[in-house]
Amino acid sequence: MSLIILNRIAVMLAYMIPGFILYKKRIVTDDGAKDIGKLLIYIILPSAIVNSYNIGYSHEKAVGLLLSFFAAAVALALSVILSGIFFGRKMPIECFSAAFSNAGFMGIPLVSSVVGADAVYYAAAFVAILNVLQWTYGVYIITGNRLAVSVKKILLNPVIISFMIGMSLFFLPVKLPVFISEILGTIAQMNAPIAMLTVGFYLAQISFKTLLSDKYSYGVSAVRLLVVPLLTAILLAFLPVGDSTLKLTVIILAAAPVGSNVAVYAQIHGGDHKRAVREIVMSTLLSVVTMPIVIEISERILENIL
């Protein structure tokens with residue numbers, strides 16, 4: 001399993017290279033990078049989520065979906081608590097970074113490759129809850145202002161909208177036409193390449209000297225890549241929340257590096273987005289080493305306790 005994960009991460013990191021080169025050569029500008037990011041957020045990721053629920057209703061899958069919500073809520077609650085303990089409100093960027101993984105852009109493609117495409121609908125529940133927490137707790141942490149939290153923005157979030165559409169498709173006796181299903185499936189396959197391309201844009205914006213000397217990035221990476229996923233694995237192993245496939249899916253999402261949204265939120269709300277970018281890049285690079293190890297250890301934990 002660890003070799004499969006290592007291979008998938010290596011492939012995904014290779015997708016960063018064109019993004020790095022295109023930005024460095026100014027073939028892609030800041031505006032172009034933002035536009036590609038919008039394409040990812042508003043079209044590609046929602047298509048992947050809707051596509052994951054276009055599988056037809058079954059009682060077994062419905063139970064699994066409910067359990068995935070509970071497992072995701074438990075895992076994210078643990079992540080938020082740990083980030084608060086390690087960093088707290090005095091270090092809002094680090095607190096946000098450690099709490100929220102790149103579950104949508106990097107986690108879902110990994111789950112699809114490692115666990116199987118059928119497990120993506122488990123992952124979608126995690127991503128939906130994560131997005132709600134980012135728009136609420138995350139915004140509050142960065143701004144320190146509860147009034148900055150907008151219910152309207154949460155409800156109009158493309159991930160939440162696509163999740164609700166997907167849930168409707170799953171529970172209602174409705175089936176999408178074949179050509180629409182094919183379109184969604186094709187767009188969903190773009191998730192990993194385009195997501196990592198955008199990380200390449202981020203990587204090109206900072207110097208390696210600055211990156212390597214940033215002590216905050218190492219601390220955030222340690223919590224995000226090691227502490228959070230390993231404690232998540234231990235916690236889930238003792239909870240009756242589905243089978244090992246569901247639990248492994250949640251652990252993979254919890255083990256993903258810092259989510260790229262932290263830079264977006266920091267920039268929008270006047271935070272230090274350059275520091276956020278360094279934490280995104282550092283954790284993404286280190287995840288090549290940590291994710292295979294963490295998933296291997298987590299599998300053994302699940303095998304010995306389940």
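Scroll up a little and you will see the structure.
What you are looking at is a predicted structure, and each value in this text was computed from that prediction instead of being measured.

**Here's the deal with empty space enclosed by the protein**
The final tally for this structure, using the stated rule, is 1 cavity of 30 Å³ or more. Considering the residues around the largest cavity, the lining is formed by A75, L76, S79, A99, F100, S101, F126, R224, V228, T232 and A254. Mapped by element, the contributors of at least two residues to the lining of the largest cavity are α4 (59-86) and α13 (215-238).

**What about the packing of helix α5 (residues 92-99) against helix α16 (residues 273-305)?**
The geometry of α5 relative to α16 is characterised by a closest axis approach of 10 Å and an angle of 30 degrees between their N-to-C directions. By the angle class used here, α5 and α16 are roughly parallel. Crossing of α5 against α16: the hand is right-handed. Contacts between α5 and α16 involve I93, E94 and S97 from the former and R275, A276 and E279 from the latter. Of the residues assigned to the contact of α5 with α16, the class counts are 2 nonpolar, 1 polar and 3 charged.

**Points about the environment of F96**
For F96, the position within the fold is in helix α5. For F96, the residues in contact, after removing those within four places along its chain, are Q134, G138, V139, I142, V262 and Y265.

Thresholds applied
Every residue gets a number counted from 1 within its own chain, in the order that chain's sequence is written. Under the rules for a predicted model, residues below a pLDDT of 70 receive no local features and side-chain atom pairs below 80 are neither given nor counted, while totals for whole chains, interfaces and linings still include all residues. Working from all heavy atoms in the structure, the side-chain values ignore hydrogens and water. The way it works is a 1 Å grid over only the protein atoms, where trapped points that fit a 1.4 Å probe form a cavity and open points with protein on both sides within 12 Å along at least five of seven lines form a pocket, and then any residue with an atom within 4 Å of a point lines it. Grid points are joined across faces, edges and corners, and a volume is the space filled by probe spheres set on the points. Each helix is a run of H or I in the DSSP string that is no shorter than four residues. Each strand is a run of E no shorter than two, and both are numbered from the N terminus. A fitted line through C-alpha atoms serves as each axis, taken over the contacting stretch for helices, and the angle formed by two N-to-C directions is quoted from 0 to 180°. By the definition adopted for this analysis, an angle is roughly parallel if under 35 degrees, roughly antiparallel if over 145, roughly perpendicular if from 65 to 115, and oblique otherwise. Handedness of a helix crossing follows the sense of rotation of the near helix relative to the far helix, less than a right angle counterclockwise being left-handed and clockwise being right-handed. The contact definition used throughout considers only heavy atoms, calling two residues in contact when any of these lie within 4.5 Å. Amino acids outside the nonpolar list (Ala, Val, Leu, Ile, Met, Phe, Trp, Tyr, Cys, Pro) and the charged list (Asp, Glu, Lys, Arg) are all regarded as polar, and Gly is one of them.

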